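Letter by letter, the chains look like this.
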Amino acid sequence: MYQFYRTIKSILLHGGMAEGEASAIAFLLLEEQTGLTKAQILTTDTPPADTDRLLTLAQKVAEGFPIQYALGISDFCGLKFHVEPGVLIPRPETEELVDWVVSSCPSDQQRRILDIGTGSGCIAVTLAKRLPHAQVTACDISPVALRVAAQNADRHGVEVRFQHTDILTETPQGTYDVVVSNPPYICNSEARQMQRNVLDHEPHLALFVPDATPLLFYEAIARKSLQLLSPGGFLFFEINRQYGTAVTSLLRSLGYTDVELRQDQFGNDRMARGVKN
């Protein structure tokens, strides 16, 4: 197995990957596909059963295909989520948004929560796991995302209600105590600064907004949340770090109170919260 690990690592290095990254991904591929630990990989002589498939996956990753799509799995908040092309790969920053929502909601009280633009369902499913008394609803414009999110809800044994909704033209059904969203927030002009594996493989529908309207989704969601939220309800956003002040100003202009901006672990403006009067 160790020799096969070296073969996979060599493929990744040949694709231009750095030494440390190649080693980590080679181990990840083998761990996920064989069920062996890193220690077992290093000490087992027998090669894996499906060597051809593993070599194909390694070659795809070396060519820029995201490792999460290759494996069909992405870690989020200590849980494993199925991902595939057509849904955004969950990011560590979004875990911090989930933590903020959870800390704002007593776990022993029933809360009605709406996740707008659910993607893989990572936010909705994690909130349903951490807040077992909550009633969680999630919506998205993408049928692929809704299918994957439903699979992830089943995978983790939680109940999430799903709605097909274009948030720019439609309003979700129901009344809620919490609305949370990680909407598209990267301006088209920022695309040239992004890594090719993101640009070439992740869904642009879930990533980009026009340069002329960077707050397009924030404004739509914030306005509709005035109808969706019960008095005292929370609106949470993950945001583009360049628009922290703009988003908080928008929330205040619409009448939200106790507006707060928070930074992520890297010190970037990344989350905003407002309260409906």
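This text follows the structure it describes.
Residues numbered from 1 in each chain as written. Predicted model: local features only at pLDDT ≥ 70, side-chain atom pairs only at ≥ 80, totals over all residues. Heavy atoms only, no water.

S.K.: Tell me about the pattern of salt bridges, and name the residues and values.
M.R.: Tallying each qualifying case throughout the model produces ten salt bridges. Its salt-bridge partner being Arg262, residue Glu260 comes within 3.1 Å of it at the nearest N-O pair. In this structure Arg262 comes out as partly exposed when scored by relative accessible area, which is 32%. Because the salt bridges share partners, they merge into one network encompassing Glu32, Asp75 and Lys80. (Salt bridge = Lys/Arg side-chain N within 4 Å of Asp/Glu carboxyl O. Buried < 20%, exposed > 50% of the residue type's maximum accessible area, 1.4 Å probe, protein only.)

S.K.: Please give an account of the environment of Arg155 that cites residues and values.
M.R.: With respect to the secondary-structure elements, Arg155 resides in helix α8 (residues 143-155). Not counting residues within four places of it along the chain, the set of residues in contact with Arg155 comprises Ile73, Lys80 and His82. (Helix = DSSP H or I, 4+ residues; strand = E, 2+ residues; numbered from the N terminus. Contact = heavy atoms within 4.5 Å.)

S.K.: I'd like to hear about the environment of Ser225, residue by residue, with values.
M.R.: By secondary structure assignment, the location of Ser225 is in helix α10 (residues 216-228). You can call Ser225 buried: its relative accessible area is 0%. Once the C-alpha coordinates of Ser225 and Thr137 are considered, the two residues, 88 residues apart in sequence, prove to be 14 Å apart. Residue contacts for Ser225: discarding those within four places in its chain leaves Val179, Leu235, Tyr256 and Lys276.

S.K.: So, the packing of aromatic side chains: which residues are in play, and what are the values?
M.R.: According to the stated counting rule, one finds seven aromatic pairs in the structure shown. Seen in terms of ring centroids, Tyr5 and Phe27 are 4.2 Å apart; in terms of plane orientation they differ by 20°. Their pairing is stacked. Taken as a pair, Tyr5 in helix α1 (residues 2-14) and Phe27 in helix α2 (residues 19-34) lie far apart in primary sequence, 22 residues in all. Ring geometry for Phe65 and Tyr69: centres 6.0 Å apart, planes at 50°, overall tilted. Members of the aromatic cluster, joined through ring pairs, are Tyr2, Tyr5 and Phe27. (Phe/Tyr/Trp six-rings, centres within 6.5 Å; stacked < 30°, edge-to-face > 60°.)

S.K.: If you had to explain the packing of α1 against helix α4 (residues 51-62) to someone new, which residues and values would you point to?
M.R.: Close contact between α1 and α4 brings their axes to 8 Å; oriented N to C, the two are set at 25°. Considered as vectors, α1 and α4 are oriented roughly parallel to each other. Crossing hand, α1 versus α4: right-handed. Residues Phe4, Thr7, Ile8, Ile11 and Leu12 of α1 touch α4, and the partners they reach there are Thr51, Leu54, Leu55, Ala58, Gln59, Val61 and Ala62. Across the contact of α1 with α4, the residue classes tally to nine nonpolar, three polar and no charged. (Axes fitted to C-alpha atoms, helices over the stretch in contact; angles between N-to-C directions. Parallel < 35°, antiparallel > 145°, perpendicular 65-115°, else oblique. Left-handed = near helix turned anticlockwise from the far one by under 90°. Nonpolar A, V, L, I, M, F, W, Y, C, P; charged D, E, K, R; others polar.)

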